[in-house]
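# What the coordinates show
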Amino acid sequence: MSKLFVDTRQFRAAIDVINSFEISKFTAFIRRILTTLASERTGKIFSPEEESRFMELYQLTLDELDTLTEGCSYIFEQAAYMSLKTKSFQNHLSTTSMNEDKIKVFVTVWEQGGEMYMESLKNQQFGYPPLVKDIRWELHLPLASSSTKLDRAPKAQIEFAYDIPKNTIQPSSVQSQTIGSSVPLDKQLNRLLFEMNHKELSAFAKQIELIQGQLDSLSS
Amino acid sequence: MDRHPEIKRFIGMVGNIPQQKQWRELLQTTLNHHRNRDTFGIEPITKLRDSLGLSEDVFSALYTGMFCLIGQMIRNHTRKGTVPLETALAEELQPLALPEKYAKELISGFTHYEKSLTSSAYAHIPHHPSIEQFRWRTEVTISTSSVNRILKPSILIELRLTNGRKQLLSLNMNQFHHLRYIVAVLLKQMADIENDELINRDVKILPGVTEIV
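Residues numbered from 1 in each chain as written. Chains lettered and ligands numbered in written order. Predicted model: local features only at pLDDT ≥ 70, side-chain atom pairs only at ≥ 80, totals over all residues. Heavy atoms only, no water.

The name an unreviewed UniProt entry gives chain B is COMM domain-containing protein 5, with Blattamonas nauphoetae as the organism. UniProt's Sequence similarities (unreviewed entry) comment on chain B is quoted here verbatim: "Belongs to the COMM domain-containing protein 5 family." (UniProt positions renumbered as here; feature names shortened; annotations may be inferred.)

Chain A is annotated in an unreviewed UniProt entry as COMM domain containing 10 of Blattamonas nauphoetae.

Written out as structure tokens, the structure is:
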């Protein structure tokens, strides 16, 4: 079994802090780390206020807290990378110099929150191409207009609502559509609306079926 | 149709066009105007007025009347009825009591350009853009920097609409199945509507709405 946790000096220091940590508070602490990792955040795990609070609560210096946080994140990230099940996770942890009781805590927390964390990692997007968030539709029956009368050929309208996350690179054609709007960029859901008559809708449905055929052959 | 004031006035003024040739010119210009509503300039109209040699009042009444008349004919005959077009038009024009040769010319000109007249009438209605090109790609995300083995499928689509807008979108599996469901529901409802007896009745006027022409 190859080494999952590379034995660097920093990692050993993290293990030391873990081992000296008070066991009763340990579960809550690393569970907190795991949930923060699973939520899509950037930057440091704990905010400065939280850091000072933890330092007081657990009697740690800033350096020790940092090492501890980094070490625990590293353990979880490596476990997620290899998509480890509980048993293999435990085995890998036993190869380190971590105490048994701490290993037990890690394993329990991983058992409960590991799946969710790995799911959130799998669903992470780069932001381009934009992901469709919602699809709405309407069926229209035109009755009359300024130049025609009583046509009654039904029309279908479909609207894609998609998200453009802030701070991601988009081609300029997309940016130009959102300039000049009053809603801030990161809160906007862009929309793409189009309509089709019966013939066009049938052609569209045919394409969708082709896609479905491709997907079926993927899984078979 | 005879309730329309412009058309009524037009009928009264037909006497000002004694020659078949002049009627033909008037007809041709108004038909072209209907076919290219957005791009039609003022020059053909002034040219026509000069060639007909009529006063401003008479000419404007004639031109407006002819334009409205053709508009009404388009309006009433965009839908394929059970009766052939010429017969239906002849029947409709009857109460107007146009000279026979003129009426014939009008009907033949109209049927000749029927397709382009109808399509320009439809283009004139407010509508949303429709799909000009739909390209797609199935993708499988094998792994990322965070997870070694993902194997998650997704669909990449590129839509180009008739208004020129191009958009690249990515659908996860849930969204794709939702889209598939929506398309199936819409198709079914459309088929139901088109086969519906009540909606497809061939009525001449919308019941109760007689003032909107």
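Still more to cover.
## A closer look at the overall build of chain B
When you go through chain B residue by residue, the secondary structure sums to eight helices and three strands. Reading the secondary structure of chain B in the N-to-C direction produces α-α-α-α-α-α-α-β-β-β-α. For chain B, with 213 residues in total, the buried portion stands at 39%. Sequence separation of at least 24 residues holds for 57% of the intrachain contacts in chain B that already meet a minimum separation of 6. Element-wise, carbon and sulfur atoms account for 53% of the exposed surface of chain B, whose accessible area totals about 12,300 Å². (Helix = DSSP H or I, 4+ residues; strand = E, 2+ residues; numbered from the N terminus. Buried < 20%, exposed > 50% of the residue type's maximum accessible area, 1.4 Å probe, protein only. Contact = heavy atoms within 4.5 Å. Areas by Shrake-Rupley, 256 points an atom, 1.4 Å probe, with all protein chains shown as cover.)

## Concerning the interface of chain B and chain A
Contact with chain B, which involves 63 residues of that partner, is made by 62 residues of chain A. Both faces combined, the contact of chain B with chain A buries some 5,900 Å², and carbon together with sulfur accounts for 67% of it. Three residues stand out in chain B for area buried against chain A, namely Arg 75, Leu 186 and Met 190 of chain B, and they jointly supply 11% of the buried area on that side. Between the two partners, chain B and chain A, sit one salt bridge. A salt bridge links Glu 209 of chain A to Arg 180 of chain B; the nearest nitrogen and oxygen atoms lie 3.2 Å apart. For the interface between chain B and chain A, the tally reads 15 residue pairs in polar contact (both at pLDDT 80 or more). Elements that contribute at least two residues to the side of chain B that touches chain A include exactly α4 (56-76), α7 (114-123), β1 (131-141), β2 (152-161), β3 (166-171) and α8 (173-194) of chain B. Of the residues belonging to the side of chain B that touches chain A, the class tally is 34 nonpolar, 19 polar and ten charged. (Buried area = accessible area lost by both parts, 1.4 Å probe. Salt bridge = Lys/Arg side-chain N within 4 Å of Asp/Glu carboxyl O. Polar contact = N/O pair within 3.5 Å; in protein donor to acceptor, adjacent residues only side chain to side chain. Nonpolar A, V, L, I, M, F, W, Y, C, P; charged D, E, K, R; others polar.)

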